[in-house]
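Examining the three-dimensional arrangement
Each chain, letter by letter, is given below.
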Amino acid sequence: MLLDELEKTINVQCEVRLSKQLRTGCEYLEEELECIMEREGMNAAVDQARMNGEMFPRFVDAHVHLSDKEYAGCIDEIIQEARMANVVALVSNSVDMETSIKSLELAEKYAGLVYVAVGIQPASVEHLAEEELERTLNLISMQKTNKALVAIGEIGLDSNHMSSWNDQLRVFDEMLHCAERMRLPVIVHSRGTAELVI
């Protein structure tokens, strides 16, 4: 049946994509652009399946860093590939104030597909300017009616950055309180710290 063939194709594409995750997004996309025309044929098959009332898998990428500088030149391609793979939502996780603002801009540009998690990642705490925490908390508060803001993240603790441990604890605590006030879930980074985080 058409649905079974689509599921197999999508599963193979996901396995290939996962095996290449360690490479940068832009390198991977440049290689994959050659395959886009073939995949457009898959879109026609999905459209036909919809018209026939068949179900097909849909995906949500709950942890993507679209606001990272390495993706700046290829966001449109990432969005196009996600749509073609039947991804219905991407949650752009932030690591600092700059990426939080960029994620919000992307959510505005790609409304209905890109959503946002705003926060300060533990690795960013080492270089955190004193006012950046307050500015990030204010940004989150100002976005409370923005339906694209779906989580606080990426926040947490990282044992690879012990030089900033006390600051990590303070920032994580502030972010958790903010999430509680905003009634938003958190996306947690917990390298070597799962027991502490829980």
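Structural notes, computed from the coordinates. Keep in mind it's a predicted model, so treat the numbers as computed, not measured.

A few words on helix H8 (residues 165–182). Its 18 residues give H8 an end-to-end C-alpha distance of 25 Å, which sits within 8% of 26 Å, the value for a rise of 1.5 Å per residue. Inspection of H8 places Trp-165, Gln-168, Val-171, Phe-172, Met-175, Cys-178, Ala-179 and Met-182 among the buried residues, and these make up the whole buried set. All buried residues of H8 project into a common sector of 145° when viewed along the axis, lining one side. Pointing more than 90 degrees away from the buried face of H8 are the exposed residues Asn-166, Glu-180 and Arg-181. Where H8 is buried, its residues contact helix H6 (122–125), helix H7 (130–142), strand S4 (149–158), strand S5 (186–191) and helix H9 (194–197). The positive-phi residue at the C-terminal boundary of H8 is Arg-183, with phi of around 60°.

Attention now moves to the packing of H7 against H8. Following both chains from N to C, one finds H7 and H8 inclined at 10°, their axes separated by 11 Å at the closest point. By the angle between their axes, H7 is roughly parallel relative to H8. The handedness of the crossing between H7 and H8 is right-handed. Only Arg-170, Val-171, Glu-174, Met-175, Cys-178 and Met-182 of H8 make contact with H7, whose side of the interface consists of Glu-130, Leu-133, Thr-136, Leu-137, Ile-140 and Ser-141. In terms of residue class, the contact of H7 with H8 is made up of 7 nonpolar, 2 polar and 3 charged.

Scanning all chains against the criterion turns up 4 salt bridges. Its salt-bridge partner being Asp-76, residue Lys-109 comes within 3.8 Å of it at the nearest N-O pair. Of this pair, Lys-109 sits in helix H5 (residues 97–109) while Asp-76 sits in helix H4 (residues 75–84), and the two are 33 residues apart along the sequence. Judged by its relative accessible area of 58%, Lys-109 is exposed. With a relative accessible area of 45%, Asp-76 lands in the partly exposed category.

Here the focus is the sheet that holds S5. Strand order in the open sheet formed by 5 strands is S1-S2-S3-S4-S5, and the pairing between neighbours is parallel. Taken across any chain shown, the strands that pair with only one partner, and hence form the sheet edges, are strand S1 (59–64) and S5. Ignoring which end each strand starts from, the neighbouring axes of this sheet average 25° apart. By the bridge criterion, 4 bridges tie S1 to strand S2 (residues 87–93) in an arrangement that is parallel. Looking at S2, one finds that Val-60 is bridged to Ala-89.

Further remarks concern unusual backbone geometry. In this structure, Glu-154 follows Gly-153 across a cis peptide bond, with omega equal to 10°. A positive phi angle, close to 65°, is found at Asn-86, a residue other than glycine. Given a relative accessible area of 9%, Asn-86 falls into the buried group. Positive phi, normally seen in glycine, also occurs at Arg-183, with a value near 60°. By the element assignment, Arg-183 lies in the loop between H8 and S5.

Moving on: the environment of Ala-62. In this structure, Ala-62 sits in strand S1. By relative accessible area, Ala-62 is classed as partly exposed at 44%. A sequence separation of 31 residues divides Ala-62 from Asn-93, and the C-alpha atoms of the two residues are 8.3 Å apart.

The rules behind each value
- Residues numbered from 1 in each chain as written.
- Predicted model: local features only at pLDDT ≥ 70, side-chain atom pairs only at ≥ 80, totals over all residues.
- Heavy atoms only, no water.
- Helix = DSSP H or I, 4+ residues; strand = E, 2+ residues; numbered from the N terminus.
- Expected span 1.5 Å × (residues − 1).
- Buried < 20%, exposed > 50% of the residue type's maximum accessible area, 1.4 Å probe, protein only.
- Arc of directions from axis to C-beta.
- Contact = heavy atoms within 4.5 Å.
- Axes fitted to C-alpha atoms, helices over the stretch in contact; angles between N-to-C directions.
- Parallel < 35°, antiparallel > 145°, perpendicular 65-115°, else oblique.
- Left-handed = near helix turned anticlockwise from the far one by under 90°.
- Nonpolar A, V, L, I, M, F, W, Y, C, P; charged D, E, K, R; others polar.
- Salt bridge = Lys/Arg side-chain N within 4 Å of Asp/Glu carboxyl O.
- Pairing = 2+ DSSP bridges.

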